[in-house]
Amino acid sequence: MPAPILGEQYASLDRQAVTLRFGMWLFLASELLLFSGLFVLYAAYRSMYRHDFVEAVHSNTMAYGTANTYVLLTSSFTVALAVFNIRRGALRAAMWLVLASAALGVTFLAIKAVEYGVHIREGALPGPYYHFADAATLGGNRFYTLYWVTTGAHALHVTGGIGVLLWTAWHVPRGRYTAGYHPRFENATLYWHFVDVMWLFIWPIYYLV
Amino acid sequence: MSAPAYREQSSIPLEAVPPTEPSYLDGGGLMGWLNTRDHKRIGIMFYGAVLAMFVLGGSFALLLRLELLTPDRTIMDANTYNRLFTWHGIVMVWLFLIPSIPNIFGNFVLPIQIGARDLAFPRLNLASFYVYLAGSAIVLGGLVLGGTDTGWTFYTPYSETTPDRLFPVVFGIFVVGVSSIFTGINFIASVHMLRAKGVHWRRMPLFVWSIYATSIILVLATPVLGLSVLLVGLDHVFHLGLFNPASGGDPVLFQHLFWFYSHPAVYIMILPAMGVISEIVPTFAHRRPASYNAIAFSALGIALVGFLTWGHHMFVAGMSTIDSGIFGILSMFVAIFSAIKTFTWVATLYRGDISFNTPLLYFFGFLFLFMFGGMTGVAVATQSLDVHWHDTYFVVAHFHFIMVGGSVTAFLAAAHYWYPKMFGRLYSERVGLLCATAVFIGFVLTFLPQFLLGNAGMPRRYYSYPPEYQWLHVLATGGAWLLGFSVLLAVGNLIVSLRYGRRATANPWDSRSYEWLTPSPPPPHNFPETPVFDRGPYDYELSQEEVYARAYPR
Amino acid sequence: MPQEPATNHLSVRAYVWTYAALLVLATGSWMLASVHVPGAVAIGLGIGAIKAFLVLGYFMHLAEEPFSFKLVIAVAAVLVAVFIGLTALDPLTRPALPNP
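Counting starts from 1 at the beginning of each chain's written sequence and moves along it residue by residue. The naming scheme follows written order: chains are lettered A onward, ligands numbered 1 onward. Only residues with pLDDT of at least 70 are given local features in this predicted model, and only at 80 or more are side-chain atom pairs given and counted; all residues enter the totals for whole chains, interfaces and linings.

A. Structural detail: the overall build of chain C. In this text, helices come from DSSP runs of H or I with a minimum length of four residues, and strands from runs of E with a minimum of two, each type numbered from the N-terminal end. Within chain C, the secondary structure is distributed over three helices and zero strands. The N-to-C order of helical and strand elements in chain C reads α-α-α. Across its three principal directions, the C-alpha atoms of chain C cover 70 × 35 × 20 Å. The 100 residues of chain C split such that 29% are buried. With C-beta atoms placed from the backbone, a residue is labelled by how many other C-beta atoms lie within 10 Å of its own: buried for 20 or more, exposed for 12 or fewer, partly exposed between the two.

Structural data, given as structure tokens:
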């Protein structure tokens, strides 16, 4: 098993690990700001089209959104357990838990794909392609355009996250992580949690309220 | 001014700085540079790329100023003119100013100033360079394909409907933004985690504080730019009408998104410049800063409060008057921090033992121009006045006083200040002083008339104008060409001196800041042996001998 | 030596309880959604925020990380709040125009 490499700028492996995690949190902060613009647009357009937005929310496919919430929360749980296991040296268990999270991520995307199919059939498409009878208003159009852009961006991040998780799982049996040093493993899980946290805000504003 | 005014260099015997292996410049061949992890080499590579962008963006400016010599057509048609001012803005903002001081001097100097052997994430640093190159190539490719005429601000709905090739340009900007975010993450992590023993937060050189504050903006503001330009691109390609009133969209919302980044972006451009000044003034006054805390904390103040002011770009865009009022007040607060810094720099000079070198001459230019720019900034932040000045040359003059009179001047100051450290040579002091003077004169001639133009009602971005404005335009064009020529000469001095300059010692300016503890140029690992940091970086009460003896105890 | 296991600050039970709380909160918001109460937006986002805190604090271990980590997220969150607030304030405080 290859030993972890200590960069010459670091005094110890511990410092290197903490710094790698800190860098990841900084990156997550930047991702939060990336999504924030989409929330800003929602807030502004909702204040302009209050009634149309409420109607559009109620016309949305709540069952799919809620199912996806449970899927992502569970995947967050499994990936948290993965870190728990790698910290105690149970590398195999950690790998399977990461794979389980990836599988749940794929489930999320599958449900999303079916849901998008429903939207397409109903005509709830973005911009000039919109012809959804249940929310046939300008505000409804704005809502669903934002919905497609926001959930599309989120789905892209889920896809990226699945790739990151698979890459991480791939490297477990190759000895890349040890019980005492595994910052990149933790960073991968942090990214996955972030994807879940974003959904925790997307779900209520597009499906519930 | 005929005396060389270098602090006499031989006061420190070279043996006091332990002899070491070859410098970071040697060895490895071409691949050793292209595949480097060394923050110093990456800084130099950025230097080349960024200077090329500066020349490109500057050329666009010189051409459009030629067009403005006469009230009607001079050398190009209106369409080309619209493209030129757009490209000038895009190249100068994203391909030159944003990366300039942080990616060149921040990369080179910051790790040494915290006593580290490299940044936290060296490979991410190299990636930031290649991502910058890729983004620049995409942007320039878009320009070659005809580019866009929307202005660098891409306002909707025109940016949605313009027939030009918008998408490559905005996508390239998105990619360059990714490079910025990588850079910011690297700097923040390094400052938190890699400071050498003895380099406490309040013992860091002030340049580090300013780069740290800049990095907060880089990490938190740039993603919003990424989103806004991507949305414009999507809108353009798929006609989503996100910001188009015909589809129920609101164009002002795009402006909120755009300026949420682009206002803090101007602090990305000025904070590093202020950091450079905060190093130069103590060095050439041979005095510690009048208040270290004032400069350090005002940098954080600018970075954070700067996020709260973006609406002052939209006073006449249709934003509500209540929101405008809030933004106007918040914009006034930001100016306080800049004023604190300015007073502190001047107070540092007082009773100092001043060496009148090229970097300090650039500082004097900076001082006057930044003051004018800053005060006119407070003026346009006043809603009632901005109604008159918005979208006129008054605003153009204001921001060029800051971005050129401030940032570019400080960039040139940094280029001269750290030149001996980076290349181990000295430039021609006489040419340096001459160019600093010429840059100042050229600048004033270019942009002071523009305040008058704007106040008299000349709108910005206009191709043609009534003849009574011509004399001011002619002055501005003359000044612009003098400015361009002076900058080229200044850079030429530095390039020629790479070969023909006298060899520099470790500390030609007799500074106490930490980067001067290493040889010029430094070895690959920055320090021959890690120095002992038991003093601050501005201890001018100590002599050079004492400083080196304490850093490298035998 | 890097071969020694790292410390787990939380037990498996802590993770399970956190997960359970998340499920309960999610189910709660779902049920509330069918009731159409006034202030639904605030409640929905509030519950979302609580869930986010749980994920950040326990699943992502933010609670056990150094203060600087928390500062990063705190500053980002404040900026997002200001961004949303000051932008939404604009259409909210414009004079009413007739709908086209």
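B. Here's a closer look at the overall build of chain A. Along chain A, the regular secondary structure elements total six helices and zero strands. Across its three principal directions, the C-alpha atoms of chain A cover 60 × 30 × 25 Å. Across the 209 residues in chain A, those meeting the buried criterion constitute 59%. Contacts in chain A between residues at least 24 apart in sequence constitute 76% of all its contacts with a sequence separation of at least 6. We call two residues in contact when their backbone-placed C-beta atoms lie within 7 Å.

C. Expanded view of the interface of chain B and chain C. Across the contact, 13 residues belong to chain B and eleven residues belong to chain C. Contributing elements (two or more residues each) for the side of chain B that touches chain C: helix 8 (251–285) and helix 10 (321–349) of chain B. Taken together, the residues of the side of chain B that touches chain C break down into eight nonpolar, four polar and one charged. Under this grouping Gly is polar, as are all residues other than the nonpolar Ala, Val, Leu, Ile, Met, Phe, Trp, Tyr, Cys and Pro and the charged Asp, Glu, Lys and Arg.

D. Molecular detail of helix 3 (residues 62–87) of chain A. Residue and element names in this part refer to chain A. For helix 3, which comprises 26 residues, the first-to-last C-alpha distance of 38 Å matches the rise-based estimate of 38 Å (1.5 Å per residue) to within 8%. For helix 3, the buried fraction is high: 19 of the 26 residues fall into the buried class. Just beyond helix 3, the residue with positive phi is Gly 89, at close to 90°. Given the number of residues in a helix, its expected span is that number minus one, multiplied by 1.5 Å.

E. Representation of the packing of helix 3 of chain A against helix 6 (residues 183–208) of chain A within the structure. Residue and element names in this part refer to chain A. Geometry is summarised by axes, namely lines fitted to C-alpha atoms with helices restricted to the contacting stretch, and by angles between N-to-C directions that run from 0 to 180 degrees. Direction vectors running N to C along helix 3 and helix 6 enclose 160°, while the axes themselves pass 9 Å from each other. Judged by the angle between their axes, helix 3 and helix 6 are roughly antiparallel. Once helix 3 is placed against helix 6, the crossing between them reads as left-handed. When helix 3 is examined against helix 6, the residues Met 62, Gly 65, Thr 66, Thr 69, Leu 72, Leu 73, Ser 75, Ser 76, Val 79, Ala 82, Val 83 and Ile 86 are found in contact with a partner set consisting of Phe 185, Glu 186, Thr 189, Trp 192, His 193, Asp 196, Trp 199, Trp 203, Tyr 206 and Tyr 207. Grouping the amino acids of the contact of helix 3 with helix 6 by side-chain chemistry returns 13 nonpolar, seven polar and two charged. Oblique is the label for any angle not under 35 degrees, not over 145, and not in the 65 to 115 range, which are roughly parallel, roughly antiparallel and roughly perpendicular in turn. By definition, any crossing whose near helix is turned counterclockwise from its far helix by less than a right angle is left-handed, and any crossing with a clockwise turn is right-handed.

F. How the structure looks around the interface of chain A and chain C. On the chain C side, the residues contacting the 42 residues of chain A number 40 residues. Counting residues per element, the ones that place at least two in the side of chain A that touches chain C are helix 1 (13–48), helix 3 and helix 6 of chain A. Per-element accounting of the side of chain A that touches chain C gives the leading share, 14 residues, to helix 1 of chain A. Within the side of chain A that touches chain C, the residues separate by chemical class into 30 nonpolar, nine polar and three charged.

G. The arrangement of the environment of Phe 108 of chain A in detail. All names here are of chain A. For Phe 108, the location among the structural elements is in helix 4 (residues 91–122). Residues Phe 108 and Tyr 70 lie 38 residues apart in sequence; the distance between their C-alpha atoms is 9.4 Å. When near neighbours in sequence (up to four residues on either side) are disregarded, Phe 108 contacts Asn 68, Val 71, Leu 72 and Val 158.

H. Region of interest: the packing of helix 15 (residues 429–455) of chain B against helix 16 (residues 470–500) of chain B. Residues and elements named next belong to chain B. Running from N to C, helix 15 and helix 16 cross one another at 155°; their axes reach a closest spacing of 7 Å. The angle between helix 15 and helix 16 falls in the class roughly antiparallel. In the crossing of helix 15 with helix 16, the sense of the turn from one axis to the other is left-handed. The class makeup of the residues in the contact of helix 15 with helix 16 is 19 nonpolar, eight polar and no charged.

I. Local environment of the confidence of the model for chain C. This prediction gives chain C a mean pLDDT of 90; 94% of its residues lie at or above 70. Looking across chain C, the model is least confident in helix 2 (residues 40–59) of chain C, with a mean pLDDT of 93, and most confident in helix 3 (residues 67–92) of chain C, with 96. pLDDT is a residue-level measure of predictor confidence that goes from 0 to 100.

J. How the structure looks around helix 13 (residues 393–417) of chain B. In this analysis the local bend is the angle between axes fitted, respectively, to the seven residues ending at and the seven residues starting at the residue. Of all the bends in helix 13 of chain B, the largest measures some 30° and sits at His 400 of chain B. Most of helix 13 of chain B sits inside the fold, with 24 of its 25 residues counted as buried.

K. Broad picture of the nonpolar core. Formed by 285 residues in total, the largest nonpolar core has its most connected members in Leu 26 and Ala 29 of chain A together with Val 276, Ile 277, Ala 413 and Ala 414 of chain B. Residues within four places of Ala 414 of chain B in sequence aside, it is in contact with Ile 101, Phe 105 and Val 276 of chain B. By definition, a nonpolar core groups buried Ala, Val, Leu, Ile, Met, Phe, Trp, Tyr and Cys residues that connect through C-beta atoms lying within 7 Å of each other.

L. The arrangement of the confidence of the model for chain A in detail. Across chain A, the average pLDDT comes to 95, with 99% of residues at or above 70. For chain A, the element scoring lowest by mean pLDDT is helix 2 (residues 50–59) of chain A, at 92; helix 4 of chain A scores highest, at 97.

M. Layout of the environment of Gly 37 of chain A. Residue and element names in this part refer to chain A. Turning to its location among the elements, Gly 37 is positioned in helix 1. On the neighbour-count criterion, Gly 37 (29 C-beta atoms within 10 Å) is buried. Note: C-alpha distance between Gly 37 and Thr 150 (113 residues apart in sequence) is 9.8 Å.

N. Representation of the environment of Lys 70 of chain C in the model. Residues and elements named next belong to chain C. Structurally, the position occupied by Lys 70 is in helix 3. On the basis of neighbour count, Lys 70 is assigned to the partly exposed category, with 15 C-beta atoms found within 10 Å. For the pair Lys 70 and Leu 56, spaced 14 residues apart in sequence, the C-alpha to C-alpha distance is 9.8 Å.

O. Up close: unusual backbone geometry. Residues and elements named next belong to chain B. With an omega of -5°, the peptide bond running from Thr 156 to Pro 157 counts as cis. Take Pro 157: it is sitting in the loop between helix 4 (122–144) and helix 5 (158–161). Although it is not a glycine, Asp 391 adopts a positive phi angle of roughly 60°. Here Asp 391 shows up in the loop between helix 12 (383–389) and helix 13. Residues other than glycine seldom take positive phi values, yet Arg 461 does so here, at roughly 65°. Tracing the sequence through the fold places Arg 461 in the loop between helix 15 and helix 16. Overall, the presence of 15 C-beta atoms within 10 Å leaves Arg 461 in the partly exposed class.

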